[in-house]
Amino acid sequence: MSTWKRTVSCGVISLPEVGQEVVLNGWVHRQRDFGDLVFIDLRDRTGLIQVVVDASVTPGLVALANSIRSEYVLSVKGTVRQRREGTHNANLFTGEIEIEASSIDVLNTAKTLPFVLADEENMRLVDETLRVKYRYLDLRRPKMYQMLELRHKATKQIRDYMSTQGFLEIETPIFTKSTPEGARDYLVPYRLDPGMFYALPQSPQQYKQLLMVAGCERYFQIARCFRDESQRADRLPEFTQLDVEMSFVDQEDVLNIIEGMTIDVVSALSKKQLPTPFPRLTYDESMRRYGNDKPDIRFGLELIDLEEVASQAEFSVFQQALAEGGQVKAVRYPGGASLSRREVDDLQKFCKEFGAKGLATVSVTSVEPVEVKSAIAKFLTEEQMARLLTLSEAAAGDLICIIADPKPKTVANVLSRLRNEIGSRCGLRDPNVLAFCLVTDFPLVQWDEETGKWDAEHHPFTMPHESHLAYFDTDPGKIRAQCYDLVCNGQESGSGSIRIHRPDIQSRVFQLLGIDDERQKERFGHILEAFSYGAPPHGGFATGIDRLIMNLLDEPNIREVIAFPKVGFGYDPLMDSPSSVDAEQLKELGLAIIPHKKKATTETETATEAE
RNA sequence: GCGGGUGUAGCUCAGUGGUCAGAGUGCCUGCCUGUCACGCAGGAAGCCGCGGGUUCAAGUCCCGUCAUCCGCGCCA
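Residues numbered from 1 in each chain as written. Chains lettered and ligands numbered in written order. Predicted model: local features only at pLDDT ≥ 70, side-chain atom pairs only at ≥ 80, totals over all residues. Heavy atoms only, no water.

Draft legend 1. Representation of the pattern of salt bridges within the structure. A complete count under the given rule lists 41 salt bridges for this structure. One salt bridge connects Asp 546 with Arg 151, and the closest N-O pair in it is separated by 2.9 Å. One end of the pair, Asp 546, is in helix α17 (residues 545-553); the other, Arg 151, is in helix α5 (residues 142-164), and 395 residues separate them in sequence. As far as burial versus exposure is concerned, Asp 546 and Arg 151 are alike and both buried. Linking Arg 502 and Asp 504 is a salt bridge whose minimum nitrogen-to-oxygen distance equals 3.0 Å. Judged by its relative accessible area of 32%, Arg 502 falls in the partly exposed class. (Salt bridge = Lys/Arg side-chain N within 4 Å of Asp/Glu carboxyl O. Helix = DSSP H or I, 4+ residues; strand = E, 2+ residues; numbered from the N terminus. Buried < 20%, exposed > 50% of the residue type's maximum accessible area, 1.4 Å probe, protein only.)

Right under this line is the structure:
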């Protein structure tokens with residue numbers, strides 16, 4: 001029988017255990033060495049505890065204690081005792097007790113680490129790539145294993161909730177089929193028939209619909225998804241979603257599950273305010289009021305339509321925008337009148353980054369009587385300016401930010417970003433609130449100006465509202481679909497739809513998307529055939545697990561909530577992947593590599609580039 | 001593909017074209033019986049990301065390049 005095995009974990013011992021003989025296992029968090037008196041903070045997954053080696057008690061142990069360094073792996077045998085008066089540490093759960101060591105086993109030594117785990121303040125600044133390279137060390141930090149624990153609890157909570165609602169967790173393949181529509185696929189070469197490829201799933205979309213045809217009725221999965229697209233702070237090429245599909249349901253049934261699951265998980269794991277029921281708004285309403293389909297509803301400052309004033313003002317920028325079918329809209333910046341000239345210029349620059357041609361501002365000194373500073377004041381009569389202030393619900397000290405553009409999309413995009421920026425600056429985006437909402441009735445398709453084709457807004461199996469079927473021939477852009485997003489604090493956190501189960505409607509959608517019979521058969525033949533054997537009405541959704549954890553922890557960086565994340569461009573500094581492979585492997589797969597132009601200096605080589 | 005930031009000791013950072021290779025921390029050595037970011041003394045530690053250029057002189061200025069972070073495009 002081994003004597004080094006733990007009898008109890010470090011972080012859970014307190015006064016009631018005083019007097020007990022214990023064995024602890026863990027890592028040396030810090031060591032404080034006074035020569036004949038040594039303190040060792042021992043750390044395991046549950047927390048920290050202070051171990052004391054005292055020469056007057058165990059003279060034979062001091063030399064060993066002196067030699068112990070950070071991150072050594074120890075087994076400590078000793079007695080739990082109350083700390084002396086005045087030496088309690090209120091920062092530790094175990095701060096009222098300590099372990100008087102009777103023996104210490106060094107189970108393993110450790111080299112000096114590339115960063116100091118115990119210095120949490122500095123760890124927040126350490127280069128991320130270095131932390132990811134040494135992730136197995138970084139994960140030793142309390143903050144990190146607390147994150148892992150929360151993530152575990154969240155997925156467990158989800159599984160429990162879905163189970164109680166009658167859902168079955170079913171795994172679907174990772175090697176699947178490329179679907180060129182949508183995001184770029186990750187491809188896996190097929191050795192037995194060179195030139196053929198599997199693709200990694202962008203989501204288990206088709207499999208879950210096939211499970212409905214199979215009669216599963218209620219499916220869910222905590223599913224890994226892969227999309228070969230550029231990263232953002234909240235986006236990695238490899239991520240996890242809760243994937244759900246249900247049969248014999250309408251949109252309302254699905255929304256109730258989304259909402260119920262979200263409330264169940266968030267309220268179990270977070271103390272943040274969670275306004276319920278989740279407000280619902282249509283896509284059109286969201287675009288009108290907030291300028292995007294993922295509104296941050298923690299604050300107001302809704303967009304203001306100034307067409308009424310702009311159409312009368314003798315200002316060519318406004319007139320032209322409206323004449324070309326555009327819009328003139330604004331957002332109010334509370335207290336923005338105090339911005340310096342330079343700060344207003346920066347706002348203008350901000351707007352131009354997102355495609356605005358300019359930004360008109362009205363700095364409000366007084367509303368009654370009307371007193372403003374504005375470059376556009378000379379184009380407006382006093383009545384028009386007064387009306388503008390009324391429409392904007394302006395108060396003294398505000399800055400009204402106006403965007404005019406022939407493209408409503410540009411107006412919406414710029415103002416929604418400006419609104420969020422103003423919300424941040426004014427401290428209106430309360431971090432203690434998780435403001436979920438459901439956005440419904442998305443357009444079925446969107447016109448792609450580059451390709452000159454209609455594109456599916458969600459995916460080709462999304463069911464249009466039946467009352468909109470007539471628009472297929474007249475104005476496809478007007479078709480609204482049974483399609484919905486879950487939004488949290490201005491971020492898309494999930495989406496789904498009711499699927500088409502009627503072949504006649506499916507073929508009209510394919511026709512609209514310009515996917516001809518041959519291509520349908522090639523890409524979707526399997527699922528269309530499946531639908532022909534009796535597909536039940538069905539629908540579902542998927543929500544991002546990573547983003548959920550980010551929201552629970554107030555963490556803006558997705559890599560902070562993943563055990564082993566990739567860094568920029570999908571690089572993994574820990575494994576040093578992606579990596580080259582043996583020529584033999586390539587040969588077996590029938591692959592030949594065209595050298596990348598990167599380091600080639602000659603100008604002719606670009607001719608071979610595909611993109 | 002594009003725009004912006006960063007790159008100097010293991011880590012985090014400072015550094016006016018001219019005694020300029022610096023600080024804090026970590027590391028090593030010594031002393032220390034109540035610390036908990038222990039303290040004190042001493043020491044080691046550098047391709048100033050890489051390659052060109054300007055200059056009498058470059059960590060500092062210019063050009064290029066690489067890496068990384070943030071954003072845009074992209075992400076049915």
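Additional details are given in the paragraphs that follow.
Draft legend 2. Structural context of the protein's contact with RNA strand B. Looking at RNA strand B, there are 51 residues lining it, with Thr 87, Glu 98, Arg 232, Ala 456 and His 458 nearest. Of what RNA strand B places within 4 Å of the protein, 55% of the atoms are sugar or phosphate. A distance of 3.0 Å is found between a sugar or linking oxygen of RNA strand B and a backbone nitrogen or oxygen belonging to Glu 457. At the level of secondary structure, the elements contributing two or more residues to the surface near RNA strand B comprise β1 (21-33), β2 (37-44), β3 (47-54) and α3 (128-133). Grouping the constituent residues of the surface near RNA strand B by class yields 16 nonpolar, 16 polar and 19 charged. (Near = heavy atom within 4 Å. Polar contact = N/O pair within 3.5 Å; in protein donor to acceptor, adjacent residues only side chain to side chain. Nonpolar A, V, L, I, M, F, W, Y, C, P; charged D, E, K, R; others polar.)

Draft legend 3. Inspection of the nonpolar core at higher detail. Within the largest apolar cluster, 68 residues are counted, with the highest numbers of intra-cluster contacts made by Ile 158 and Met 162. The residues contacting Ile 158, other than those within four sequence positions of it, are Ile 222, Leu 242, Met 261, Val 265, Ile 545 and Leu 548. (Core = buried A, V, L, I, M, F, W, Y, C linked by side-chain atoms within 4.5 Å. Contact = heavy atoms within 4.5 Å.)

Draft legend 4. Quick peek at the packing of α5 against helix α7 (residues 251-269). The N-to-C vectors of α5 and α7 enclose an angle of 140 degrees; their axes lie 10 Å apart at closest approach. The orientation of α5 relative to α7 falls into the category oblique. For the pair α5 and α7, the crossing hand works out as right-handed. Here Leu 150, Lys 153, Ala 154, Gln 157, Ile 158, Tyr 161 and Met 162 of α5 come into contact with α7, specifically with Ile 257, Gly 260, Met 261, Asp 264, Val 265, Ala 268 and Leu 269. (Axes fitted to C-alpha atoms, helices over the stretch in contact; angles between N-to-C directions. Parallel < 35°, antiparallel > 145°, perpendicular 65-115°, else oblique. Left-handed = near helix turned anticlockwise from the far one by under 90°.)

Draft legend 5. Structural context of helix α10 (residues 316-323). Buried within α10 are the following residues: Phe 318, Ala 321 and Leu 322. The arc enclosing the buried residues of α10, seen along the axis, measures out at 95 degrees, which places them on a common side. Among the exposed residues of α10, those oriented more than 90 degrees off its buried face are Ser 316 and Ala 323. If you follow the buried residues of α10, they end up packed against α9 (307-310), β13 (327-333) and β16 (399-405). Taken from the residues just after α10, Gly 325 is the one with a positive phi, measuring 85 degrees. (Arc of directions from axis to C-beta.)

Draft legend 6. Summary view of the sheet that holds strand β15 (residues 371-373). Read from one edge to the other, the open sheet built from five strands follows the order β12-β13-β16-β14-β15, with strand pairing classed as antiparallel. The open sheet is flanked by β12 (304-305) and β15, the only strands paired with a single partner. Sheet topology places strand β14 (residues 360-366) next to β16; four bridges connect them, and they run antiparallel. When the bridges of β16 are listed, Ser 363 appears paired with Leu 399. Relative to the sheet, α10 contacts β13 and β16, its axis offset from that of β16 by approximately 50 degrees. Along the sheet, helix α12 (residues 382-392) contacts β12, β13, β14, β15 and β16; its crossing angle with β14, the most-contacted strand, is approximately 90 degrees. (Pairing = 2+ DSSP bridges.)

This is a description of form; function is not addressed.
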